[in-house]
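Descriptive analysis of the structure
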Amino acid sequence: MSSTVQSRVDATSTDLTPAMLELGVCYYPEQWPREKWPEDAARMVELGLDWVRIGEFSWSAVEPEPGQFDWSFMDEAIDVLGKAGLKVILGTPTAAPPKWLIDRHPDILAVGPDGHVRRFGARRHYCFSSRTYFREAARITRAFVERYGHHPFVRAWQTDNEYGDHDTIYSYSAEAERAFRLWLENRYGTIDALNEAWGTRFWSMRYRHFDEVDLPLHVVEEPSPTHLVDFVRFSSDQVVQFNRQQVEIIRAGSPGRPVTHNFMSHNIDFDHFKLSEDLDVASWDVYPMGGLINGRLPDEEKARLLRTGDPDQVAFNHDLYRAAGRGRVWVMEQQPGPVNWAAHNQAPADGMVRLWTWLAYAHGVDMVAYFRWRQAPFAQEQFHAGLLLPDSTPDQAFHETATVAAERERLPKNRQRERAKVALVMDYESRWASRALPQGRTYQASAICLDWYAALSRHGVDIDIVSQESDLEGYALVICPDLLIPNTGFIERLKASQAKVLFGPRSGSKTPDMHIPDGLPPGPLRDLIDIRVTRVESLPSPESETVLHGNRSFAAGTWRETIETGESVLATFTGAYRPGSPALVGNAGVRYLTALPSREWLDALMRDCLDWAGISWLPDLGDIRLARRGDLTFAFNFGTEAKELPIPANAGILVGESYLEPAGVTIWRHI
Ligand code: GLA
């Protein structure tokens, strides 16, 4: 673990363990006349806001000329906001270095997958491997920390902004190539070890020394999958190192202030668990409308859910980043209305900002900040809503925030999210492996994980997302949708736990060097289940195959494995190709699925596994979702029809009604 892990802020600090949901907003004083700031601050407090995030794009405002700092605007903004009673989250401004810096040091710029330099004029115009930028990021972070590290109004720090936004994790610059070669030498020691791992005797790809290794770009056909995965591992490590440097500077100069970074929805370009080891709280940016438009659901579902969003995508990310934050998670940017960057930018249904806010709290989030206070009438995001319209009149989300602020008072304090009975394993390396070798055009690992999560949520089950490093104590069911590269520590913890385990196809199918394991897949998982995968095929349609599971027939999806097994066969293929082949096998503790199930089969499979693990479930809730935080249960209606809720007789409703309107929220307490 990094050196900063030991110096994390004490998790009992009130800023990390508030008695009740706290609210905040993203604010850009540099975009507005100073005379507006006091009124803005007063209105934020009157609205019920506790936090305000500023500064993440302020570099050219505070250092307009090289080495010449003008702190006046930042000093005054922090002073105005703090005196009004708001807690300031100060962003380090490294997501947008100034033009004069880029002109002095063009080696800072990244090179995109098209081979072109990604130039100044927007943001995130830097390469994580630039040695110049590593120094400059430290310099500006140190300047901010020296000035504000002990400021009483600065109560937390955000490093940079959304690593990975605009696809900026992977750079193909000269700096990246140099750093990659050093990283490879550090990983392999000798070029012979690299050649062995990369399988370079295939297609005469052999290297004589590390300086011959290029970045995996503009290669005639796909590079060695190990080359690809190693480049992703390297890039991920570069982000972690870039972030860690800032965290260490902040820890040293601003003690007692939690450090966070605001992640993106379900981004797999780097290992978020590894980066979060250096944070006190994980935060992320919640944009459900764009997430629906750009997401996994079929068009007819997107049309039906157009103004409420994917009922499971947001909750999945809350649970993912709660895990990354070791139980501490914030929403740093909550969508307040139409945005500007998705393929289409619809407005959410009235009531959805309130629903999303309570959904966050129900999933363990302790602070929800809205992006942004006021819609800017200029520049790239002028279509992007805020709590206020450009003329400062309240927009829809302002009113919904006020409702939440009032409803908070009706809930008991100090309720925490408790450990669920079901754990779903998210493994970034396994994702990188299947992305490097998809085998089929329709294989979408991110959709698989979310589909399996959704099938459990539809049955009213709370889920924890876990990594391979997580402890598995207390889980009754562990689900591994796509654990291609299991590690021995995880396998040992699985053996030691009492949990039932379900593996999805491809689990155990790759070694860390991206080879087929000796003895065939599932490799080391054979310690848990007696199977050998002898054939793998990808199929064009989710209805390509049919299976018989119990006494019901289902469609099976776009992936099929042929296996040999000594275990009980629980479902079989029934189509024309090798009918009777095992589709689901298992023993008392472990099951393995050889296909990607259709939604109907997945629902039946999850019900069956929940029964197998002794976990109660509810009949398919349709577009209703439930979540529990302590003795509070939250119900959310993502659909277009009002529904009567399954509220226990001994429960007391604190917010809402038992008949839940579309975009509505009901909260009850178990007495
Ligand atoms: C991201 C960024 C913000 C802003 C929003 C717009 O979350 O962090 O700066 O661009 O998107 O939705």
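All values derive from a computational prediction rather than experimental measurement. (Residues numbered from 1 in each chain as written. Predicted model: local features only at pLDDT ≥ 70, side-chain atom pairs only at ≥ 80, totals over all residues. Heavy atoms only, no water.)

**Focus: the overall build of the protein chain**
A count of helical and extended segments in the protein chain gives 18 helices and 25 strands. For a compact globule of 671 residues, the expected C-alpha radius of gyration is about 26 Å, and the protein chain comes in at 25 Å, within 12% of that figure. If you line up the protein chain on its principal axes, its C-alpha atoms span 75 × 75 × 45 Å. Of the contacts formed within the protein chain by residues at least 6 apart in sequence, a portion of 70% connects residues at least 24 apart. By element, 51% of the accessible surface of the protein chain is carried by carbon and sulfur atoms, the whole surface being about 25,200 Å². Charged side chains in the protein chain number 70 positive and 91 negative. The centres of these two groups are separated by 2 Å. (Helix = DSSP H or I, 4+ residues; strand = E, 2+ residues; numbered from the N terminus. Rg over C-alpha atoms; globule rule 2.2 N^0.38 Å. Contact = heavy atoms within 4.5 Å. Areas by Shrake-Rupley, 256 points an atom, 1.4 Å probe, with all protein chains shown as cover. Lys, Arg positive; Asp, Glu negative; His and termini not counted. Charge placed at Lys NZ, Arg CZ, Asp CG, Glu CD.)

**A look at the sheet that holds strand β23 (residues 651-655)**
Strand order in this open sheet of 4 strands is β20-β21-β25-β23, and the pairing throughout is antiparallel. In this open sheet, the two strands that pair with only one neighbour each are β20 (624-629) and β23. Each neighbouring strand pair of the sheet contributes to a mean axis angle of 25 degrees, computed without reference to strand direction. In the sheet, β23 pairs with strand β25 (residues 665-670) via 4 bridges, with the strands oriented antiparallel. The partner of A651 across the bridge, within β25, is H670. (Pairing = 2+ DSSP bridges. Axes fitted to C-alpha atoms, helices over the stretch in contact; angles between N-to-C directions.)

**A short note on the UniProt feature "domain: Glycoside hydrolase family 42 N-terminal" (unreviewed entry) in the protein chain**
Under the UniProt annotation, the feature "domain: Glycoside hydrolase family 42 N-terminal" (unreviewed entry) is placed at residues 26-410. Annotated as 40% helix and 10% strand, the span residues 26-410 places its first and last C-alpha atoms 26 Å apart. (UniProt positions renumbered as here; feature names shortened; annotations may be inferred.)

**A word on the pattern of salt bridges**
Counted by the stated rule, this structure contains 51 salt bridges. One salt bridge in this structure joins D165 and R123, with 3.0 Å as the shortest N-O distance. In this pair, D165 sits in the loop between β4 (154-158) and α6 (174-188) while R123 sits in the loop between α4 (99-104) and α5 (131-148), placing the two residues 42 residues apart along the sequence. The salt bridge partner of D278 is R244, with a shortest N-O separation of 2.5 Å. Remark: R244 occurs in helix α8 (residues 225-253) and D278 occurs in the loop between α9 (272-276) and β6 (281-286); sequence separation between them is 34 residues. Classification of D278 by relative accessible area gives buried; the value is 0%. Residue class for R244 comes out partly exposed when judged on its relative accessible area of 22%. (Salt bridge = Lys/Arg side-chain N within 4 Å of Asp/Glu carboxyl O. Buried < 20%, exposed > 50% of the residue type's maximum accessible area, 1.4 Å probe, protein only.)

**Some remarks on the UniProt feature "binding site: substrate" (unreviewed entry) in the protein chain**
In the numbering used here, UniProt assigns the feature "binding site: substrate" (unreviewed entry) to R123, N161 and W341. Within the element layout of this structure, N161 appears in the loop between β4 and α6. Those residues within four positions of N161 in sequence are excluded, and the remaining contacts are R53, E56, F57, A95, R123, R124, H261, N262 and E333. Mapped onto the secondary structure, W341 falls in the loop between β7 (329-334) and α13 (352-362). Taking the relative accessible area as the measure of exposure, W341 reaches 42% and is therefore partly exposed. For W341, the contacting residues outside a window of four places in its chain are Y287, G290, G291 and N294.

**Topic: the confidence of the model for the protein chain**
Per-residue confidence for the protein chain gives a mean pLDDT of 96, with 99% of residues at or over 70. A low-confidence stretch, residues 1-6 (pLDDT under 50), is modelled with 12 contacts involving residues beyond four sequence positions or located in other chains. (pLDDT = per-residue confidence, 0-100.)

**Details of the site of the ligand**
By nearness alone, every residue bordering the ligand is listed as F57, R123, N161, E162, D285, Y287, E333, W341, F371, E381 and H384. Within the contact set of the ligand, an oxygen atom lies 3.4 Å away from a side-chain nitrogen or oxygen of D285. Measuring from an oxygen atom of the ligand, one finds a side-chain N or O atom of Y287 at 3.5 Å. Considered on its own, the ligand offers 310 Å² of accessible surface; in the complex 97% of this is hidden by protein. Looking at the shell around the ligand residue by residue, the classes come out as 4 nonpolar, 2 polar and 5 charged. (Near = heavy atom within 4 Å. Polar contact = N/O pair within 3.5 Å; in protein donor to acceptor, adjacent residues only side chain to side chain. Nonpolar A, V, L, I, M, F, W, Y, C, P; charged D, E, K, R; others polar.)

**What about unusual backbone geometry?**
In this model, P521 is joined to P522 through a cis peptide bond whose omega is 10 degrees. Checked against the element boundaries, P522 lands in the loop between β12 (500-503) and β13 (531-538). Here D167, not a glycine, exhibits a phi torsion of approximately 55 degrees, which is positive. Within the secondary structure, D167 sits in the loop between β4 and α6.

**Regarding the pairing of strand β11 (residues 477-480)**
Because side chains alternate across β11, one face comprises the buried residues L477 and I479, and the other comprises V478 and C480, equally buried. Where strand β9 (residues 422-425) meets β11, 3 bridges bridge the pair, whose relative direction is parallel. Within β11, the position partnered with A423 by the bridge is V478. Sheet topology note: the β11/β12 ladder contains 4 bridges and is parallel. Counted as the bridge partner of L477 is K500 from β12. For the crossover that starts at β11, traverses helix α17 (residues 488-496) and ends in the parallel β12, the hand is right-handed. (Right-handed = clockwise from strand over helix to strand, strands pointing away.)

**Considering the pairing of β25**
The side chains of a regular strand alternate, first on one face of the sheet and then on the other. Pairing geometry for strand β21 (residues 632-637) and β25, over 5 bridges, is antiparallel. Each residue of the ladder has a partner; that of A635, found in β25, is T666.

**Topic: the nonpolar core**
Nonpolar side chains tend toward joint burial in soluble globular proteins. Counting 163 residues, the largest nonpolar core has W358, W373, W601 and F636 as the members making the most contacts within it. Discounting chain neighbours no more than four positions away, the residues touching W373 are V25, C26, Y27, D40, R43, M44, L47, L49, G386, L387, L388 and F398. If you look at the next biggest cluster of nonpolar residues, it comprises 23 residues, including L483, F503, I531 and I563. (Core = buried A, V, L, I, M, F, W, Y, C linked by side-chain atoms within 4.5 Å.)

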